[in-house]
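Listed here are the chains, written in short residue letters.
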There are 2 protein chains.
Amino acid sequence: MEFKISRELIHELEVLIQENKEQEVFHLLKDMHYADVAEIMEELDDYGAIYVFNTLDSEKTAEILLELDEEVRIKILKSLSAKEIADELDELDTDDAADIIAELPQEKKEQVISELEDVEHAKDIVDLLRYDEDSAGGLMAKELVKVNENWNVLTCVKEMRAQAENVTRVHSIYVVDDEGRLKGRLSLKDLLTTSTKTPISEVYIPKVDYVKVDTEGVEVARIMQKYDLEAIPVVDELGRLVGRITIDDIVDVIKEEADKDYQLAAGISQDVEADDSILELTKARLPWLVLALSGSFIAVKIASTFQGAMNDFPVVFFFTPLIAAMAGNVGVQSSAIIVQGLANNSLSGSLWKRLIKELLLSLLNGLFLAVLLLIGSHFIIGVDYLVGFTVAISLVSVIILAALIGTFIPITLNRFGIDPALATGPFITTSNDIFGILIYFSIAKIILGF
Amino acid sequence: MEFKISRELIHELEVLIQENKEQEVFHLLKDMHYADVAEIMEELDDYGAIYVFNTLDSEKTAEILLELDEEVRIKILKSLSAKEIADELDELDTDDAADIIAELPQEKKEQVISELEDVEHAKDIVDLLRYDEDSAGGLMAKELVKVNENWNVLTCVKEMRAQAENVTRVHSIYVVDDEGRLKGRLSLKDLLTTSTKTPISEVYIPKVDYVKVDTEGVEVARIMQKYDLEAIPVVDELGRLVGRITIDDIVDVIKEEADKDYQLAAGISQDVEADDSILELTKARLPWLVLALSGSFIAVKIASTFQGAMNDFPVVFFFTPLIAAMAGNVGVQSSAIIVQGLANNSLSGSLWKRLIKELLLSLLNGLFLAVLLLIGSHFIIGVDYLVGFTVAISLVSVIILAALIGTFIPITLNRFGIDPALATGPFITTSNDIFGILIYFSIAKIILGF
């Protein structure tokens, strides 16, 4: 069961908006889930999106703001005054409010913060803004339920009813000591099924997974996925409970990270979608293409220096695309496996061991392919055995080098704190093209002698 | 805070196992999280893994079984009798038990099912096995809490205490009618904060997101991510509540799908990791390399038929790797964006509109790159303008074709129910190499005349 946007609905809305029939627009959208309204707004033009936004009430519009594509959200925010934005943010959880404020230009940011009505809320949001947006601190929300370790079940339930007003989803109730340090957790189920006079020190689970404020977002995601958690408490340097990250935010982190790695491997440098404008897509795609073109130029230059081969062994030039292609494919395979391993934190052992393993793997595969090549080039293309042999030896060498490069570079980038996914895609294919052609012609020169 | 496997710990365990010091092994591992024990078992040899497994008690080992890599799990299961496996499965939720049984060979499957002690549990598991493993039915568990719409809060809480014994995580309590049809949901928070005599018909939320048993897993993931859900009820064709899918299983679905798409784009055909054996990695990588080699052969054959060019315009052959590389890069970019759009269900509009947009985009980018090429080829390589012009025109044509192919093929595969991600990676790069070289030489022949 899912709402599906239809052309008819969008058209109907556009007509109503044009005729300024505000009541009818409201009527059409009032029962819709905020995620669906956001989808609809993304299909309307700027005027239509702002119109719809202004028609709906604050509780829903705040959630809608969160669901919108960044582009559309920025346009809506531009159309609102600082006071209006602050009103929206008063409805949101601290982590979501902080995310939205962070997108505003500096001046507007300060205006909005000053207009927030709930002072406690404002203090919490300002706190959260200090953290790096990709860290646990940047992902966490201040909304959580915590109880003191010295209370009993009855007091906890009373306290929970009071605190839970502001907390959208309660998974665990965190137990802290007098200093605010995290000691353990209680599940709602336990609270409901234990008699009320019991001191919670007899009931709560002292073992609780947590992360520190500076833990990286993808690391938090990994921990939550590994231990099947739905929420994880965040502590500061003193072990005090300062926030909580819920699984829905982590699902977004996982998705965004996967999308980013996928796009980098394809040579797309920013977060674009198929429906973005041609200009947006060009900005994301062209830089890598220029890189690839420049790299290919180097390969062409190298090939041209071996012009002597042209006279005696022109057939050597027929095979250049094959050598380049195989080098590219092997390099992409190796780097993809390494980048995935780094992302899943499943790489173990030293770099040397890994390179040796890759050497053996590529030697095995390379020899197999070289034999296929020898047979194919003799019977299908009709080259003599010497040339076939030359291409085959080059193929093995090039495959081994491509595999080693594809393994070494991502691991090394990662050691220096650079995103290893940058070393996938056109970067790898182009470098391997260059090295491949250099090696190929050098070997050919040695064997065939030109 | 996370447990990190150290070489020392593994070594210590290996020694204890060798000296058959069962008590000490138990003592070392008894307080560890099952996910961490699973990681340790993956580092030990087969004997060690089975030894550790037999040392721990049934409640933990069941969860460990779930966390293990498929390979290690299969080995453990082989070492257990049908009765022993059934004992483990009695401890697990129905969806997890069904997943494990599904991995067993047919005969052992039937033996295990017959040995299950809890008959209700067995019936539920057998039910679940009927569903396709990638559908909502295959992902769901039977464990959930449901109440009748005619009850009051007090009865619900009593009922919940009884049912919740078997339910690990309770998010919402589902409300059904006398026929078992899903009517709505109650949150635990509402139950805790409402007075007990209230009939729940006044309290429960009648609007509830759900999926049908045959909804595809990735679609369920998309819905849960879109609406920020942590659990979603599953209904059958009659609208009756038959199961529930929790967010932790969906996180795994999202991760697996992302990993699969990433690997296919790199030309890796099965689920391998960097630490798998050379044989495993070869099985996953070699097939695509053979495909790429075969395709490259076709490209070489095409290039060789234009041998006439060798005498008059040998420089044409220098540029073949450049043309092939650019065709490959553009094709990969286009297909990646389309595959991501299909996965996120964010593609709208007709195929024709999309192809026209891609045509304009690639024309724009292609012309820009062609100009760079003209300048570069004249000043850096030193070719005359006619040849430079030929290569430039070919580049634009090849880029446009590559973009169109990269857009058309994934969308068409998807329409026929084939995974569009198969059309990324070596498949696209190799086809584009072939078309690119064919177009390049054809254009060159027409313009330069050989």
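Source: prediction; values computed, not measured. All residue numbers here refer to positions counted from 1 along the written sequence of the relevant chain. Following the order in which they are written, the chains are lettered starting with A and the ligands numbered starting with 1. Reporting of local features is limited, given that this is a predicted model, to residues whose pLDDT is at least 70; pairs of side-chain atoms are given and counted only at 80 or more, and all residues count toward the totals for whole chains, interfaces and linings. Based on all heavy atoms of the structure, the side-chain values leave hydrogens and waters out of the count.

Of the regular secondary structure elements, chain A holds 22 helices and 6 strands. For a compact globule the rule gives 2.2 Å times the number of residues to the power 0.38, and the radius of gyration it is set against comes from C-alpha atoms. Against the 2.2 N^0.38 benchmark of 22 Å for 450 residues, chain A shows a C-alpha radius of gyration of 30 Å, more extended than a compact globule. Overall, the C-alpha framework of chain A stretches about 90 × 65 × 45 Å when taken along its three principal axes. Two residues form a contact once any of their heavy atoms are found within 4.5 Å. Taking contacts inside chain A between residues at least 6 apart in sequence as the whole, the part at least 24 apart equals 66%. Runs of H or I in DSSP of at least four residues are treated as helices and runs of E of at least two as strands, each being numbered from the N terminus.

A separate point is the interface of chain A and chain B. With 121 residues of chain A at the interface, the matching set in chain B holds 121 residues. By definition here, a salt bridge exists when the distance from a side-chain nitrogen of Lys or Arg to a carboxyl oxygen of Asp or Glu is within 4 Å. Applying the counting criterion to the chain A and chain B interface returns 8 salt bridges. Across the pair Lys226 of chain B and Glu39 of chain A runs a salt bridge whose closest N-O atoms are separated by 2.7 Å. Residues adjacent in sequence count toward polar contacts only when both atoms are side-chain atoms; beyond that, a polar contact is any pair of N or O atoms within 3.5 Å, and within protein one must be able to donate a hydrogen and the other to accept it. At the boundary of chain A and chain B, one finds 34 residue pairs in polar contact (both at pLDDT 80 or more). Broken down by element, the side of chain A that touches chain B gets its largest block of residues, 16 residues, from helix α16 (residues 278-305) of chain A. By the convention adopted, Pro, Cys, Tyr, Trp, Phe, Met, Ile, Leu, Val and Ala count as nonpolar, Lys, Arg, Asp and Glu as charged, and the other residues, Gly among them, as polar. By residue class, the composition of the side of chain A that touches chain B is 65 nonpolar, 25 polar and 31 charged.

Our next topic: the UniProt feature "transmembrane region" (unreviewed entry) in chain A. Residue and element names in this part refer to chain A. UniProt positions are given in the numbering used here, feature names are shortened, and annotations may be inferred rather than shown by experiment. When the UniProt feature table is mapped onto this chain numbering, "transmembrane region" (unreviewed entry) sits at residues 316-339, 359-381, 387-409 and 421-443. Secondary structure across residues 387-409 comprises 100% helix and 0% strand; the distance between its end C-alpha atoms is 32 Å. Secondary structure content for residues 421-443 is 78% helix and 0% strand, while the C-alpha to C-alpha distance between its ends is 32 Å.

Below, the discussion takes up the sheet that holds strand β2 (residues 172-176) of chain A. Residue and element names in this part refer to chain A. For two strands to pair, DSSP has to find at least two bridges joining them. Here we have 3 strands laid out as an open sheet, ordered β1-β2-β3, and mixed in their pairing. Where the open sheet ends on each side, the last strands, each with one partner, are β1 (146-148) and β3 (182-187). Averaged over neighbouring strand pairs, the angle between their axes works out to 35 degrees when direction is ignored. Taken together, the 3 bridges between β1 and β2 define a ladder with parallel strand orientation. Note on β2: the bridge partner recorded for Val147 is Val175. Taken strand by strand, helix α12 (residues 153-163) contacts β1, β2 and β3, and its axis lies near 150 degrees from that of β1. Here an axis means a line fitted to C-alpha atoms, over the contact stretch when the element is a helix, while the angle between two N-to-C directions is reported on a 0 to 180 degree scale.

One copy of the chain maps onto the other through a rotation about an axis plus a displacement along that axis. Here the copies are superposed with least squares, the fitted atoms being C-alpha atoms of residues at a pLDDT of at least 70 in both. Overlay of chain A on chain B (RMSD 0.0 Å): rotation 180 degrees, translation along the axis 0.0 Å. Here the symmetry operator amounts to a two-fold rotation axis. The rotation axis passes nearest to the C-alpha of Pro321 of chain A in chain A, at a distance of 2.5 Å. Looking at chain A, 100% of its interface residues are interface residues in chain B too, so the copies touch through the same face.

Glancing now at the packing of helix α2 (residues 22-29) of chain B against helix α4 (residues 46-55) of chain B. Residue and element names in this part refer to chain B. Contact pair α2 / α4: the axes reach a minimum separation of 9 Å and the direction vectors enclose 80 degrees. It follows that α2 is roughly perpendicular to α4 by the angle criterion. Packed against α2, whose contacting residues are Glu22, Val25, Phe26 and Leu29, the element α4 presents Tyr51, Val52 and Thr55 at the interface. Split into classes, the residues belonging to the contact of α2 with α4 amount to 5 nonpolar, 1 polar and 1 charged. Convention used here: angles under 35 degrees read as roughly parallel, angles over 145 as roughly antiparallel, angles from 65 to 115 as roughly perpendicular, and any remaining angle as oblique.

Residues enter patches when they are more than 30% accessible in relative terms and free of salt bridges; like-charged ones are connected within 9 Å and nonpolar ones (Val, Leu, Ile, Met, Phe, Trp, Tyr) within 5 Å. To be clear on the numbers: accessible area is Shrake-Rupley with a 1.4 Å probe, and residue cover counts the displayed protein chains and nothing else. Positive charge is attributed to Lys and Arg, negative charge to Asp and Glu, and no charge count is given to His or to the chain ends. To locate a charge, take atom NZ for lysine, CZ for arginine, CG for aspartate or CD for glutamate. Taken together, Asp69, Glu70, Glu71, Asp99, Asp132, Glu133, Asp134, Glu216, Glu256, Asp271 and Glu273 of chain A make up a surface patch of like negative charges. Within the fold, Asp132 of chain A resides in the loop between α10 (119-129) and α11 (136-139).

Residue and element names in this part refer to chain B. Looking at the secondary structure, you find Asn54 in helix α4. The exposure class assigned to Asn54 is partly exposed, which follows from its relative accessible area of 48%. Here the alpha-carbon distance between Asn54 and Ile76, two residues 22 residues apart in the chain, equals 9.7 Å. For every residue, the accessible area (1.4 Å probe, protein chains only) is compared with the maximum for its type, and the residue is labelled buried under 20%, exposed over 50%, or partly exposed between those bounds.

Once that is clear, we can look at the sheet that holds strand β3 (residues 182-187) of chain B. Residues and elements named next belong to chain B. Across the sheet, 3 strands lie side by side as β1-β2-β3; this open sheet has mixed pairing. Two strands close off the open sheet at either side, each with one partner strand: β1 (146-148) and β3. In this sheet, adjacent strand axes meet at a mean angle of 35 degrees when their direction is disregarded. Judged from the 5 bridges that link them, strand β2 (residues 172-176) and β3 form a sheet pairing that is antiparallel. Opposite Val175, over in β3, you have Gly184 as the bridge partner. Relative to β1, helix α12 (residues 153-163) is tilted by about 150 degrees, and along the sheet it contacts β1, β2 and β3.

Residues annotated in UniProt with the feature "domain: CBS" (unreviewed entry) correspond here to residues 140-202 and 204-260 of chain A. The span residues 204-260 of chain A carries 42% helix and 23% strand; its end-to-end C-alpha distance comes to 40 Å.

The pLDDT averaged across chain A works out to 88; a share of 99% of its residues lies at or above 70. Two summary scores accompany this predicted model of the complex, namely pTM at 0.85 and ipTM at 0.84. The quantity known as pLDDT measures the predictor's confidence residue by residue, on a range of 0 to 100.

So, on to the environment of Ala274 of chain B. With respect to the helices and strands, the residue Ala274 of chain B is situated in the loop between α15 (247-265) and α16 (278-305). Note on Ala274 of chain B: relative accessible area 6%, which makes it buried. Separated by 53 residues in sequence, Ala274 of chain B and Ala327 of chain B have C-alpha atoms that sit 29 Å apart. When residues no more than four places from it in sequence are discounted, the contact partners of Ala274 of chain B are Ile337, Leu347, Arg354 and Lys357 of chain A together with Leu281 of chain B.

Before going further, it helps to spend a moment on helix α18 (residues 320-343) of chain B. Side chains three or four residues apart in an α-helix point the same way, a direct result of the helix having 3.6 residues per turn. Residues and elements named next belong to chain B. The span you would expect from a helix comes to 1.5 Å times its residue count less one. Under the 1.5 Å per step criterion, the end-to-end length of α18 is 34 Å for 24 residues, consistent within 8% with the ideal 34 Å. Across the 24 residues of α18, 22 count as buried, placing the element largely inside the fold. Just downstream of α18, Asn345 is the residue with a positive phi angle, here 55 degrees.

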